[in-house]
Amino acid sequence: MVASHLLAQGFQLVTRLRQAPPQVAEWIGVLLLGHGPAGEDGLLILDPDGRQFFTGSVELPDGWLQLAARYGWAVLYVGTVGLDELRHDDKAATKALRAAAQTGQLVGARIAVGTPPAAE
């Protein structure tokens, strides 16, 4: 049901991870560095209507922030993957994403992402 809704919002079915899906300009990701419940990094994703699609803590790989700042976007994948238990194992997480893509259980889009300006 979530995948159907996202496909109607411009997300695409992902069958391979080699190429980033098209950008969906109306979706926005906001990185909240150090603002999670325990001081961890957080992520807020807003849909085209400004509603929260996701809010929670994230673990960013080394160099991710620099690349996101350089390009201004990130890929958002949604599907039946079960990454919570794979959070600390990049190879296993990639394998799980590939398996979901191969079985038609993964949708994705590029979304704008950034950090809010520092308060003065």
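The preceding data block contains the structure.
Please read these numbers as outputs of a predicted model, since none were measured by experiment. Here, residues in each chain are numbered from 1, in the same order as that chain's written sequence. It should be noted that, the model being predicted, local features are given only for residues of pLDDT at least 70 and side-chain atom pairs only at 80 or more, the latter also being counted only at that level, while totals for whole chains, interfaces and linings use all residues. Only hydrogens and water are removed before side-chain values are computed, so all heavy atoms of the structure are retained for them.

The set of buried Ala, Val, Leu, Ile, Met, Phe, Trp, Tyr and Cys residues whose side-chain atoms join them within 4.5 Å is what this entry labels a nonpolar core. Burial classes follow relative accessibility: with a 1.4 Å probe on protein chains only, a residue under 20% of its type's maximum area counts as buried, one over 50% as exposed, and anything between as partly exposed. Leu-6, Phe-11, Trp-27, Ile-45 and Leu-76 are the most contacted members of the largest nonpolar core, which has 16 residues in total. Secondary structure elements are taken from DSSP: a helix is a run of H or I of four residues or more, a strand is a run of E of two residues or more, and numbering for both begins at the N terminus. For this core, the element with the highest residue contribution is strand 6 (residues 106-114), accounting for 4 residues. If you look at the next biggest cluster of nonpolar residues, it comprises 7 residues, including Leu-97, Ala-100, Ala-101 and Leu-106.

In this section: the side chain of Asp-47. Note that Asp-47 resides in the loop between strand 3 (42-46) and strand 4 (52-57). Every residue in contact with Asp-47, bar those within four places of it in the chain, is listed here: Glu-26 and Trp-27. The contact criterion used throughout is that any non-hydrogen atoms of two residues lie within 4.5 Å.

Another aspect to go through is the pairing of strand 6. Paired strands, in this sense, are two strands between which DSSP finds at least two bridges. Two strands pair when backbone bridges link them, and strand 1 (residues 12-13) and strand 6 are joined in this way by 2 bridges, in the antiparallel orientation. Bridge assignment links Gln-12 to a residue of strand 6, and that residue is Gly-108. In the sheet, strand 2 (residues 23-32) pairs with strand 6 via 4 bridges, with the strands oriented parallel. Note on strand 6: the bridge partner recorded for Val-30 is Gly-114.

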